[in-house]
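Descriptive analysis of the structure
Here is what each chain is made of, one letter per residue.
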Amino acid sequence: MRERRTYLILSGLIAALLAGALLLIVPGSPAHRTATLGLDLQGGLEVVLKAVPPKGEKVTDEGLDRSVDIIRNRIDKLGVSEPDVRKQSPDQIVIQLPGVRDPEKAAELIGKTAQLELYDLEADLTGPSIDAQGQPVAIPSLYDLLIGQQAKARKGEPQAYYLFGKGKRLLAGPEPTLRQLFSGKHPRVPPGGRVLAVPQGTVVISCAPTPQNPCPGTFATAGTFYYLFKYDPTNPDESKRVPEMTGADISASGTRQDFDQLGQPIVRIAFTGKGEKKFQEITRRLWQRGNLRSTPQHFAIVLDREIKSFPQIDFRDRTLSNGISGGAQIENIGSLSEARDLAIVLETGALPYHYETLSRTDVSATLGKDSLQQAKTAALLGLLVVALFLLLFYRFLGVVAVLGLGIYAAFLYAAILLFHVTLTLPGFAGLILTIGVAADANVVIFERIKEEVRAGKSVRAAIATGYRRGFHTIIDANVVTAITALVLFAVATAQVKGFALMLLVGTVISLVTAVAATRAMLGLLGGFRWFDDPRFMGASPTQRARWLQIDFMDRRHLWFAISGAVVALSIGSLAAKGLNLGIDFKGGTKITFKTPRPVALEDVRAQARRVGQGDAVIQGRGRSVEGRYRSFEIRAKALSPSQQARLTRGLEDELGATSVGVRNVSSSFGGQIRDAAILAILVSLGLIVIYISLRFDWKFSVPVIVALAHDIAITVGIYSFTGREVAISTVAAILTVLGYSIYDTIIIFDRIRENIPLMRRASFATIANVSLWETIRRSLATTFITLLPVTSLILFGGDTLKDFAFALLVGIGSGAYSSIFVAAPLLTIFKEREPEYRRRLESTVIEKGVGGVDLEEPEPVPEPAEAVPAPLPRGDGASPVSQSKRERRRQRRRTRPHGRAR
């Protein structure tokens, strides 16, 4: 009666939680919420920026936090809804702008440093940029400006480096170190090229003249001119710092876009109180010097190391003798739009660091809509096939499991809404995969219940024992999955974090539904007499599976030979062919798109040639119609924003391209992703070893690591052999395989640990064989039920998720094999070296016949629980207990009240 009351309370609690979940989910309810979709499901822009501090400085948390605030303020002025700006690492910021209308403009604006500097022009020019009369000298060649400064540059620590090719052509720079100079497109000095350094304490500043605003020292109206300025921004004596003023002296409240007297767009600059005093002091000094030399002096307004204007201080105007107050203005601005953007940047504040773009992903709204529909289809079909499998295989227990799966789906979606989890495409993949996680927990318990029924227990007693004994196995298996999800979330890029988060949340919720929801339902049904029929749930006491009763341990060398051959082939393929690394690891640009009608590859290649990408790799995807495709992928070296815009416009105008997705990744970011992937795998392996050693024994952890290495080698080898592209999602899949590969291994090891005290005289090979017989159906069922939603991903998840699902398919299949044929035999080898098992092995006479194992009946170990377990190893027909003994047990149970064990 007490148990029934407990189940009623538990059922009421679950019903209340379910009602709350439905209020969040069902449209029209007072608490209804809608899911937040990521940019890959509704279109938008994602940019990963890396902070590059000035030479001699470091990136600080305060500086990065300030950058996040500034970028968020800029985005707010763009009118983007629900932007996501956050730190990703100690020097990186991720910006996600779902539904942004003009991604090109947004990308340019959010990462613009807007480094505003004000120089005393005549006093701060140095070297070849100032003549003997103190007048500026404009030099049209950067090479010519620096070539005479190399002797001086070698005496100190250079401020920056430039790489030139033949004909004095600038190839790369400025970069603060030589390592960064050669980390891009040019890894070495080309023939005829040269590296020139900027001397310490100086900086190169350029100027592009217009008819209205020429550059200092020249009347030219076209071209680019270069100057060498003094640079000492950290001098302890504030009066000697160069530049004299920076963006930190600007007041956001008064800075705005405006027009001059001729109607040309300008930006008016207002200064802070301290900045106002600085500006007045600088202009006063300029007036005095001009009055002394009888020559007008200038201050240069420099934005991002380019002179925008250089107003003069007229020494003949006595009203300026005390300096100028009231701010300044930036002229020489190309267009009204540029002036507005510049005003936004200055109004929100200058970023404290220069930012380089590591990764940029553009997703069109149509591509996001298509991806969302494909993900929904894969999720619904995955849920449907798992439900059908449970119903067919477990009958009434399957009905309970399907109800539990429905509760799980409601709880999971409610958690997404309640905690404002942003649903991304990888997150949808994690959601689909957790369907298998939730079903696996039920399979583990239901197989244990059926096993107890076959051993002669009543259904009610079997349910109690099944949940009690299966609970530890579920905990162990799901903890390992949670470990890999946590590691993946900690080190992954923003793209994969959604998958890791959904996998983690789904794993936790599956424990609640499998252990609490289905237990409460079965506990309430256990009081009915009709529920006591074992056949009602597909568990016949005489059911056997003799085809599974082979001597796995005796054939261990055969299994090792098969695994060794496959691993050798994988390593051979890696050595010969390597991996087809995608742009996530090598850097570059990938463009995917669809066309309304089949198009030839040559037409797409012609568009690529128009932007100088004739060597780009162009592939058709999907079905081919006479060599023409409707879905394409272009992989090229990194495209500049202008090249990318020209190519996408050409594809849309000439070929009618739709569902366009563009991803740009720098080579340095690719290396970071690679290092993070290796770190994640090593950390996951280490944590798994620690957990297995604590829960079992350190000897149990060694076979686990070997089996995991076996699965990773085979998965990577198959990728190499098939030539499939390896992306960051592939790494996520391999890490997920680590968790799932060990799932079946833990089921087997848990049963071995349970059978060790029951089979006190048996050799370890016998214990391992019997444990395998008892759990192999469960292992195969959990593997199969996990592969069902994965297959749904492959068939209906769209091109984006197919490679990810393929890695899961290979890894989970390999994990099922390694658990049975690698991990268990290896554990047997290790344990048989122990003195106790070595003695048993020498003294035991192995009887050939049923699997070639010792059939000696183990000593029964009584339990304090409500039912006494079968004293012999149970399983799918593997029990050596005679039918007569089993019948006597049933007869004793029938003599008890209500025919049930107490």
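Residues numbered from 1 in each chain as written. Predicted model: local features only at pLDDT ≥ 70, side-chain atom pairs only at ≥ 80, totals over all residues. Heavy atoms only, no water.

Quick look at the overall build of the chain now. Each helix and strand counted, the chain has 25 helices and 25 strands in total. In the chain, the share of contacts with a sequence separation of at least 24, taken over all contacts with a separation of at least 6, comes to 76%. Working note: accessible area of the chain is about 39100 Å², and carbon and sulfur atoms make up 58% of it. (Helix = DSSP H or I, 4+ residues; strand = E, 2+ residues; numbered from the N terminus. Contact = heavy atoms within 4.5 Å. Areas by Shrake-Rupley, 256 points an atom, 1.4 Å probe, with all protein chains shown as cover.)

For strand 6 (residues 160-164), a buried count of 5 out of 5 residues is recorded, marking the element as mostly surrounded by other parts of the structure. Here strand 6 pairs with strand 8 (residues 194-198) via 5 bridges, running antiparallel. Paired with A160 across the two strands is V198, which belongs to strand 8. Here strand 6 pairs with strand 7 (residues 170-175) via 3 bridges, running antiparallel. Pairing of F164 across the sheet is with L170, part of strand 7. Taken together, strand 6 and the strand that follows it, strand 7, pair antiparallel across an intervening segment of 5 residues, in which G167 is found at a positive phi of about 70°. (Buried < 20%, exposed > 50% of the residue type's maximum accessible area, 1.4 Å probe, protein only. Pairing = 2+ DSSP bridges.)

Now for unusual backbone geometry. When glycine is set aside, most residues are seen to have a negative phi, and most peptide bonds are trans. In this model, G173 is joined to P174 through a cis peptide bond whose omega is 0°. Summarising the element assignment, P174 is placed in strand 7. For the bond from V242 to P243, the omega torsion is 5°, close enough to zero to count as cis. Secondary-structure assignment places P243 in the loop between strand 10 (225-230) and strand 11 (245-246). With a phi close to 60°, S294 is a non-glycine residue in the positive phi region. Among the structural elements, S294 can be located in the loop between helix 9 (273-293) and strand 14 (297-303). Residue D304 is not a glycine yet carries a positive backbone phi of 50°. Structurally, the position occupied by D304 is in the loop between strand 14 and strand 15 (306-309).

Strand order in the open sheet formed by 8 strands is 3-4-2-18-24-21-23-22, with antiparallel pairing between adjacent strands. In this open sheet, the two edge strands, each paired with only one partner strand, are strand 3 (84-89) and strand 22 (617-621). When the angles between neighbouring strand axes are averaged without regard to direction, this sheet yields 20°. One ladder, built from 5 bridges, connects strand 3 with strand 4 (residues 92-98); its direction is antiparallel. The residue of strand 4 that forms the bridge with R86 is V94. This element, helix 17 (residues 601-609), spans strand 21 (588-600), strand 22 and strand 23 (628-636) of the sheet and lies at about 135° to strand 21. Running over the sheet, helix 18 (residues 641-655) touches strand 18 (354-363), strand 21, strand 23 and strand 24 (658-665) and is turned about 10° from strand 21. (Axes fitted to C-alpha atoms, helices over the stretch in contact; angles between N-to-C directions.)

All right, on to the packing of helix 15 (residues 556-577) against helix 20 (residues 698-722) then. Packing of helix 15 against helix 20 leaves a shortest axis separation of 8 Å and a crossing angle of 45°. What the angle tells us is that helix 15 and helix 20 run oblique. Crossing geometry of helix 15 relative to helix 20 is assigned as left-handed. Along its contact with helix 15, which presents S563, V566, V567, S570, S573, L574 and K577, the element helix 20 presents H710, A713, I714, V716, G717, S720 and F721. A class-by-class count of the residues in the contact of helix 15 with helix 20 yields 7 nonpolar, 6 polar and 1 charged. (Parallel < 35°, antiparallel > 145°, perpendicular 65-115°, else oblique. Left-handed = near helix turned anticlockwise from the far one by under 90°. Nonpolar A, V, L, I, M, F, W, Y, C, P; charged D, E, K, R; others polar.)

Moving on, we get to the packing of aromatic side chains. What the rule picks out here adds up to 14 aromatic pairs. Taken together, the aromatic side chains of F552, W559, Y817 and F821 make up a single cluster linked through ring pairs. Across from the ring centre of F315, 5.8 Å away, lies the NZ or CZ of R316, which sits over that ring. (Phe/Tyr/Trp six-rings, centres within 6.5 Å; stacked < 30°, edge-to-face > 60°. Lys NZ or Arg CZ within 6 Å of the ring centre and 35° of its normal.)

Turning our eyes to something else, we now look at the confidence of the model for the chain. Summarising the model, the chain shows a mean pLDDT of 78, and 85% of its residues fall at 70 or more. No element of the chain has a lower mean pLDDT than helix 25 (residues 883-894), which averages 46, and none a higher one than strand 10, which averages 95. The low-confidence segment residues 845-888, where pLDDT is below 50, has 98 contacts with residues more than four positions distant or belonging to other chains. Below a pLDDT of 50 lies the segment residues 890-902, which in the model reaches 21 contacts outside its immediate sequence neighbourhood of four places, other chains included. (pLDDT = per-residue confidence, 0-100.)

L390, F446, F552, I692 and F749 are the most contacted members of the largest nonpolar core, which has 136 residues in total. When residues in this core are grouped by element, the largest group, 21 residues, is from helix 11 (residues 365-418). Leaving out residues up to four positions away in the same chain, F446 has contacts with Y394, L397, A401, Y467 and L522. Membership of the second largest hydrophobic core comes to 20 residues, among which are L64, I71, I110 and Y355. (Core = buried A, V, L, I, M, F, W, Y, C linked by side-chain atoms within 4.5 Å.)

Turning to helix 13 (residues 459-491), a few remarks are in order. Between its first and last C-alpha atoms helix 13 spans 47 Å; for 33 residues at 1.5 Å apiece the expected length is 48 Å, and the two agree. Its maximal kink placed at G470, helix 13 deviates by approximately 30°. (Expected span 1.5 Å × (residues − 1). Bend = angle between axes of the 7 residues up to and from the residue.)

Below, the discussion takes up the packing of helix 17 against helix 18. Two elements in contact, helix 17 and helix 18, have axes whose closest approach is 9 Å; the angle formed by their N-to-C orientations is 140°. The chirality of how helix 17 crosses helix 18 is right-handed. Note on element contacts: helix 18 touches helix 17 through L647, G650, L651, E654 and L655, opposite D603, V604, Q607 and A608. Across the contact of helix 17 with helix 18, the residue classes tally to 5 nonpolar, 2 polar and 2 charged.

On to helix 15. If you check helix 15, its first and last C-alpha atoms are 31 Å apart, about what 22 residues at 1.5 Å a residue would give, namely 32 Å. Among all positions of helix 15, only R556, W559, S563, V567, S570 and S573 are buried. End-on, the buried residues of helix 15 take up no more than an arc of 130°, which puts them together on one face. Within helix 15, the exposed residues directed more than 90 degrees away from the buried face are H557, L569, A575 and A576. Backbone geometry just after helix 15 places G578 at a positive phi near 70°. (Arc of directions from axis to C-beta.)

Before going further, it helps to spend a moment on the sheet that holds strand 8. On the basis of which strands lie adjacent, the open sheet formed by 3 strands has the order 7-6-8 and antiparallel pairing. Each of the sheet's edge strands pairs with one partner strand only, and the pair in question is strand 7 and strand 8. Going across the sheet, the axis of each strand differs from the next one's by a mean of 15°, ignoring polarity.

This next bit is on the pattern of salt bridges. Tallied over the full model, the rule gives 22 salt bridges. A salt bridge links R305 to E117; the shortest N-O distance between them is 3.3 Å. Of this pair, R305 sits in the loop between strand 14 and strand 15 while E117 sits in strand 5 (residues 116-120); the two residues are 188 residues apart in sequence, bridging distant segments of the chain. With a relative accessible area of 2%, E117 lands in the buried category. In this structure, K168 and D144 form a salt bridge, with 3.0 Å as the shortest nitrogen-oxygen distance. In this pair, K168 is assigned in the loop between strand 6 and strand 7 and D144 in helix 6 (residues 142-147), connecting sequence segments 24 residues apart. On the accessibility criterion, K168 (44% relative accessible area) is partly exposed. Note on D144: relative accessible area 38%, which makes it partly exposed. Salt bridges sharing partners connect three or more residues here, namely E238, D249, K274 and K278. (Salt bridge = Lys/Arg side-chain N within 4 Å of Asp/Glu carboxyl O.)

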